[in-house]
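# Chain and residue survey
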Amino acid sequence: MAPVPPGIRLLVTFNREQWYRAFTFMLTFLLYTSFHLSRKPISIVKSELHKNCSSASELATVALGSSGQEPSASSIHADTDCSWKPFDKSNYKQLLGAMDYSFLCAYAIGMYLSGIIGERLPIRLYLTVGMLTSGLFTCLFGLGYVYNIHSLWFYIFVQVANGLVQTTGWPSVVTCIGNWFGKGRRGLIMGLWNSHTSVGNILGSLIAGYWVSSNWGLSFIVPGLIIGAMGIICFLFLIEPHFHLQSLICGSPTSLSVLIQSYDTELLLPRNAVCVPLQPVEVVKSESELSAISFMGALRIPGVVEFSLCLLFAKLVSYTFLFWLPLYITKAAHLNAKKAGDLSTLFDVGGIVGGILAGVISDKMGKRATTCAVMLLLAAPTLYGFSMISQFGLGPTIGMLLVCGGLVNGPYALITTAVSADLGTHKSLKGNARALSTVTAIIDGTGSVGAAVGPLLAGLLSAGGWDQVFYMLMTADFLALLLLLRLVTKELSSSKSHPASAIE
């Protein structure tokens with residue numbers, strides 16, 4: 001059989017590469033959508049876990065006096081529509097905040113370990129196990145309703161376990177997507193890709209809202225089954241990125257079609273590219289032989305510390321909205337749980353637009369830190385306006401939800417995707433593709449500390465009024481802005497205009 005001409009072999013390889021990218025983009029999008037879909041129900045169900053227990057207690061007392069028999073816990077819940085024990089007490093906000101904190105604190109701690117572990121295991125297997133176990137614990141929370149479980153420690157245990165296993169998701173999907181796309185359009189591509197966060201929140205709200213009033217257990221069981229099913233799809237179809245350039249491009253150990261200086265460079269091949277015979281060269285170290293980067297080594301990458309601390313406060317704001325917005329709308333606008341959940345999805349719609357806009361602007365300007373700083377600066381006064389939501393009509397409320405969602409989630413989305421990928425493929429790493437998982441885990445793990453603290457503080461501060469919660473959120477935005485000032489100054493003073501110039 002005659003050998004395949006080099007030009008045809010190159011064209012086939014290029015088409016296969018583009019197909020791999022498109023397929024990985026869509027699959028990882030759906031995989032992480034299912035992660036957020038399974039996290040959202042708790043914020044929708046909160047208003048169902050605690051209703052008007054004061055009136056319920058009065059009705060129970062009357063029933064006791066008239067019948068002479070003490071009603072059971074289940075009969076109180078059924079007859080008076082009281083809150084779900086143990087969230088029927090006056091300190092229910094603190095209990096709900098503690099439950100959020102359990103999940104997010106475990107998530108923050110586990111994230112630092114997850115990146116290190118993820119570097120040393122096959123991504124496909126690691127992600128599959130994480131999704132299957134996350135589906136199990138999400139369903140387990142919903143079974144608390146089915147089996148009438150009222151122990152606070154049961155729900156806290158499930159939240160802690162779920163928080164730990166969900167850390168397998170983010171480093172894995174970012175490593176997959178980040179290594180398939182170069183820096184030239186990374187902000188736009190990853191801005192579009194990162195909309196999975198908001199899409200998952202929207203779908204999670206709609207699914208949980210459908211059953212929240214009739215059977216809130218299904219609000220968890222259905223998302224749990226979905227993420228478990230997606231875990232099986234991940235195992236069957238996920239394509240991990242590889243960088244064996246010799247076999248990928250030309251199939252010959254002594255020929256290459258193009259010189260790729262580092263693995264994060266965009267693979268854009270000219271139409272007239274041909275395989276050029278080269279003299280055999282000594283490979284100093286193949287990608288498979290590169291050792292995993294150390295924790296301290298990742299921290300020494302320029303920009304990692306600043307963006308990590310900035311994300312701590314940015315994610316504090318974002319996750320406070322994620323876990324408390326439906327309950328706030330329920331109380332402020334006097335809506336039921338389903339309507340409040342539906343309205344809260346507008347915040348996520350704004351987040352999709354904000355994330356994409358942040359990516360496009362940062363690509364055009366070549367200034368990731370400056371883009372984040374401007375959005376953080378605008379977010380603080382917007383949050384103050386949002387705090388008066390109960391005084392607005394429906395139209396202004398919808399507008400505030402969209403704008404606030406874009407400004408709050410824009411910096412968060414940019415840092416966790418394009419910035420993390422830029423730092424994880426920094427030139428100082430010399431093409432070590434295995435470092436991206438650790439760098440991503442450090443940045444998102446630090447951000448997750450803020451994500452754990454924010455909802456907990458919201459639960460404590462809301463007891464004195466929701467205004468205190470919004471003052472806390474505005475303070476967090478200003479602190480996030482201050483942490484970026486050095487990088488912003490460096491970007492603005494630099495004459496370079498390529499993406500992420502402050503962290504090169």
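Quick notes on the rules
- Residues numbered from 1 in each chain as written.
- Predicted model: local features only at pLDDT ≥ 70, side-chain atom pairs only at ≥ 80, totals over all residues.
- Heavy atoms only, no water.
- UniProt positions renumbered as here; feature names shortened; annotations may be inferred.
- Axes fitted to C-alpha atoms, helices over the stretch in contact; angles between N-to-C directions.
- Helix = DSSP H or I, 4+ residues; strand = E, 2+ residues; numbered from the N terminus.
- Left-handed = near helix turned anticlockwise from the far one by under 90°.
- Contact = heavy atoms within 4.5 Å.
- Buried < 20%, exposed > 50% of the residue type's maximum accessible area, 1.4 Å probe, protein only.
- Core = buried A, V, L, I, M, F, W, Y, C linked by side-chain atoms within 4.5 Å.
- Parallel < 35°, antiparallel > 145°, perpendicular 65-115°, else oblique.
- Phe/Tyr/Trp six-rings, centres within 6.5 Å; stacked < 30°, edge-to-face > 60°.
- Lys NZ or Arg CZ within 6 Å of the ring centre and 35° of its normal.
- Salt bridge = Lys/Arg side-chain N within 4 Å of Asp/Glu carboxyl O.

The name that an unreviewed UniProt entry assigns to the protein chain is Solute carrier family 37 member 1, with the source organism given as Fundulus heteroclitus. Per its UniProt entry, the protein chain bears the Sequence similarities (unreviewed entry) comment "Belongs to the major facilitator superfamily. Organophosphate:Pi antiporter (OPA) (TC 2.A.1.4) family." Quoted verbatim from the Catalytic activity (unreviewed entry) heading of the UniProt record, the comment on the protein chain is "D-glucose 6-phosphate(in) + phosphate(out) = D-glucose 6-phosphate(out) + phosphate(in)".

A few words on the packing of helix 6 (residues 123–146) against helix 8 (residues 169–178). Contact pair helix 6 / helix 8: the axes reach a minimum separation of 9 Å and the direction vectors enclose 145°. Between helix 6 and helix 8 lies a crossing whose hand is left-handed. Together, Ile123, Tyr126 and Leu127 of helix 6 and Gly169, Ser172, Val173, Thr175 and Cys176 of helix 8 make up the contact between the two elements.

Another aspect to go through is the environment of Gly445. Among the structural elements, Gly445 can be located in helix 18 (residues 435–461). Taking the C-alpha atoms as reference points, Gly445 and Ile109, 336 residues apart in sequence, are found 7.0 Å from one another. Residue contacts for Gly445: discarding those within four places in its chain leaves Ala108, Met111, Tyr112 and Thr440.

With respect to the element layout, Asp422 can be found in helix 17 (residues 394–424). On a C-alpha basis, the gap between Asp422 and Val439 in space is 9.9 Å, while along the polypeptide they are 17 residues apart.

A separate point is helix 9 (residues 186–193). With six of eight residues buried, helix 9 is to be regarded as a mostly interior element. Considered for burial, the residues of helix 9 that qualify are Arg186, Gly187, Ile189, Met190, Gly191 and Trp193.

Ranked by size, the top nonpolar core spans 83 residues in total, and within it Phe321, Phe386 and Leu473 carry the most contacts. Those residues in contact with Phe321 that sit more than four places away from it in its chain are Pro326, Phe347, Leu383, Phe386, Cys404, Val408, Phe470 and Leu473. Counting 25 residues, the second largest nonpolar core, distinct from the first, contains Phe29, Ile123, Met190 and Cys234.

Another point: the packing of helix 9 against helix 15 (residues 337–365). Between helix 9 and helix 15, the shortest axis-to-axis distance is 7 Å and the interhelical angle comes to 175°. The orientation of helix 9 with respect to helix 15, classified from their angle, is roughly antiparallel. For the pair helix 9 and helix 15, the contacting residues are Arg186, Gly187, Leu188, Gly191 and Leu192 in the first and Gly355, Ile356, Gly359, Val360, Ser362 and Asp363 in the second.

Moving on, we come to the packing of aromatic side chains. Applying the stated rule across the entire model yields 27 aromatic pairs. With a centroid separation of 5.1 Å and 70° between ring planes, the pair formed by Tyr328 and Trp466 is classed as edge-to-face. Note that Tyr328 is positioned in helix 14 (residues 304–333) and Trp466 in helix 19 (residues 466–483), a separation of 138 residues in sequence. Following the ring pairs from residue to residue traces out a cluster consisting of Trp84, Phe87, Phe141, Tyr145, Phe154, Tyr155, Trp216 and Phe220. Above the face of the Trp324 ring, Lys46 is positioned so that its terminal group lies 3.9 Å from the ring centre. Over the ring of Phe235 we find Arg124; its NZ or CZ atom is 4.7 Å from the centre of that ring.

With that settled, consider the pattern of salt bridges. Following the criterion strictly, the structure yields six salt bridges and no others. Ionic pairing is found between Asp100 and Lys46, a salt bridge with its closest N-O pair at 2.4 Å. Of this pair, Asp100 sits in helix 5 (residues 92–120) while Lys46 sits in helix 2 (residues 41–49); the two residues are 54 residues apart in sequence, bridging distant segments of the chain. With relative accessibility at 0%, the residue Lys46 sits in the buried group. One salt bridge connects Glu306 with Arg486, and the closest N-O pair in it is separated by 2.4 Å. With Glu306 in helix 14 and Arg486 in helix 20 (residues 485–493), this pair connects stretches of sequence that are 180 residues apart. Salt bridges sharing common partners tie together Lys85, Asp88 and Lys89.

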